[in-house]
Amino acid sequence: MTEIATRLVRNAVGVAGLVFLLLLVVLALAAPLLYPGDPWRMVGSPQLPPLSPGFPLGTDALGRDVAAGVVHGARISLLIGLVSSLCAVVIGTCLGAVAGYFGRWIDDLIMRFTEFFQTIPSFMLAIVLVAIFSPSIGSIVFAIAIVSWPPVARLVRAEFLSLRSRDFVKAAVVGGQSPLRIIFRQILPNAFSPIIVTGSLMVASAILLESALSFLGLGDREFVTWGFMIGAGRTMIRQAWWLSAFPGIAIFLTVLALNMFGQGLNDALNPRLARKGRA
Amino acid sequence: MKQLEFIAGRLVKAVIVLLGIVILAFLLIRATPGDPAAVLAGEAGAVDAEFMQRVRAEFGLDRPMAEQLAIYVKQIATLQFGESYRQQRPVLDLITERLPATLLLTLSAFGIALLVGVSLGVTAARHVGRWPDMAITVAALVFFAVPLFWIGLMAILLFSVKLPWLPAFGMETVGADYDGIDALLDTIRHLILPATTLGLFYIAIYVRMTRASVIEVMDLDFVRTARAKGIPEGRIWRRHILRNALLPIVTLASIQAGNLVGGAVLTETVFAWPGIGRLAFDALLQRDYNLLLAVFIVTSALVILFNLIADLVYALVDPRIEVGA
């Protein structure tokens, strides 16, 4: 564990990503203290450009503080990104583990099912799911998880296929352990590192997906989100560029940090693969 | 003979996947709370009773579930997508008149992404570890993390608002009524921003993939052998390295087809491009779920078609491929 930590620390890019993410989490947690109350209420004169006194990122046509929206938006982006990735990883791991462990027709069946979901245009499916189940945090998490699990399933299956024939698994089978126990207690812990790397990179794509959905008006209307702010500022792009520029920068930095962290994690967990193949 | 078997196998698979998608669409309508006729009619049920009755009859909504599914599959298979209440027009007409614009946009974006992405990836690999590699890798990392719709908006801000170089909206200049070559040039001018925007994300993907793939092939024994034999460097790159390194790109391209179609929804929304992505957005705004599902089914069918073509190309390009696998 300490060895992994040292390797991670040595990877400057990964650490930079991690530091940014930690700061963002602190900012998101502190949002109610920094900007108490509804972030989307009118607090200043309309259309103030950035760097106006008291409003570093300016205000919109109704005098709402863009900075307050960006800070509060971090909460939703991180929440949805994390929870939906977690769901996708759980679904993908379970299906991949069962397919890889039992093999034969079960594997065939699950892999065809996975391919089916990989063929469907994922963003279109997410749109349809959220629209039909009406936009809410729950339906958005559900939709993102549904379109994101297939790569995890394939990865876990491949890991299980190669671990399945190892001696320690054979020993567990001979020892009479139940398949469920072997899957979760014996094999899965050995497949953890690639799952964690994939999961952390998935948070980035989940955040992008969430922002795209709320940009199209498929966000939870209860909360301010980055995508929603960009969508709302879109029609004002000629008069007030800052309305859509800053939330977009927030998404970009967050996703970039997550990708950097995920890559650093990959280098730390799989030192032999590091610097080879992955750019 | 084996080739034929391979193609037939892929065709059967494509049909099965398509059937699965239609069933999924059917289940989604069923999954919504309330009257499925109201969902299909759109407008959250705020349509006249006569139209609702027609929808019920058309989709056989008073029959048992299995029969409904059979009716639905039959309808879709014969391209009867019903009517859009809001637009008062058959859904199929709406889609077919928008389809060419989407194909133009996605194929241009795909072409740009492939051309730029592969050449940048190769450049990076040739200078691995030095500044061109660094610059290209960082740029790819950046474009990989930028939301597509946001980069589109920023492109409009920069190239249409601040610098009045390119049109920001639509596919042609309204009221200009260009003919012949002028009309073509006008469309190309309108195409530049949306196609580049949509292509950027995929450029990033192709750069990473190409770079990794070329670096891997570069170190293989047969390349060293070619050098030892004294084959000119240019020829080694063209005939030995690139040919082998670019094969995975075909697979990647087919995997990305679905995402490209999804990206088209965002790009068309930002640039008011009159394609089916924009149609999907309008359907969303108007809660016209029948139209939305039809777009979903049609885009899925397109992706399956792209994948099928990629499979065939792969079978032709790579003689090593095990046909029938």
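Residues numbered from 1 in each chain as written. Chains lettered and ligands numbered in written order. Predicted model: local features only at pLDDT ≥ 70, side-chain atom pairs only at ≥ 80, totals over all residues. Heavy atoms only, no water.

1. Side note on the overall build of chain B
Secondary structure summary: chain B contains 13 helices and two strands in total. With the C-alpha coordinates of chain B rotated into their principal frame, the extents come out at 80 × 55 × 40 Å. Sorting the 325 residues of chain B into buried and exposed places 50% on the buried side. Across chain B, the fraction of contacts at a sequence separation of at least 24, relative to all contacts at a separation of at least 6, is 72%. Surface exposure of chain B reaches about 15600 Å², of which carbon and sulfur atoms provide 66%. The centroid of the 27 positive side-chain charges in chain B is displaced by 12 Å from the centroid of its 27 negative side-chain charges. (Helix = DSSP H or I, 4+ residues; strand = E, 2+ residues; numbered from the N terminus. Buried < 20%, exposed > 50% of the residue type's maximum accessible area, 1.4 Å probe, protein only. Contact = heavy atoms within 4.5 Å. Areas by Shrake-Rupley, 256 points an atom, 1.4 Å probe, with all protein chains shown as cover. Lys, Arg positive; Asp, Glu negative; His and termini not counted. Charge placed at Lys NZ, Arg CZ, Asp CG, Glu CD.)

2. Details of the confidence of the model for chain B
Residue and element names in this part refer to chain B. Overall, the prediction assigns chain B a mean pLDDT of 81, with 91% of residues at 70 or greater. At the level of individual helices and strands, chain B shows its lowest average pLDDT in helix α2 (residues 36–41), which scores 68, and its highest in helix α5 (residues 91–126), which scores 89. Scoring of the predicted complex yields 0.87 for pTM and 0.84 for ipTM. (pLDDT = per-residue confidence, 0-100.)

3. Points about the interface of chain B and chain A
With 47 residues of chain B at the interface, the matching set in chain A holds 41 residues. Summing both sides of the interface, chain B and chain A together bury roughly 4100 Å²; the carbon and sulfur share of this comes to 79%. If you look at where chain B meets chain A, you find one salt bridge. The closest approach of N and O atoms between K13 of chain B and E115 of chain A, which form a salt bridge, is 3.3 Å. For the pair chain B and chain A, the interface holds five residue pairs in polar contact (both at pLDDT 80 or more). Among the secondary structure elements, those contributing two or more residues to the side of chain B that touches chain A are α1 (2–31), α6 (131–145), α7 (148–162), α8 (180–218), α11 (247–271), α12 (276–285) and α13 (289–317) of chain B. Per element, the largest residue contribution to the side of chain B that touches chain A is 10 residues, and it comes from α13 of chain B. In terms of residue class, the side of chain B that touches chain A is made up of 32 nonpolar, 10 polar and five charged. (Buried area = accessible area lost by both parts, 1.4 Å probe. Salt bridge = Lys/Arg side-chain N within 4 Å of Asp/Glu carboxyl O. Polar contact = N/O pair within 3.5 Å; in protein donor to acceptor, adjacent residues only side chain to side chain. Nonpolar A, V, L, I, M, F, W, Y, C, P; charged D, E, K, R; others polar.)

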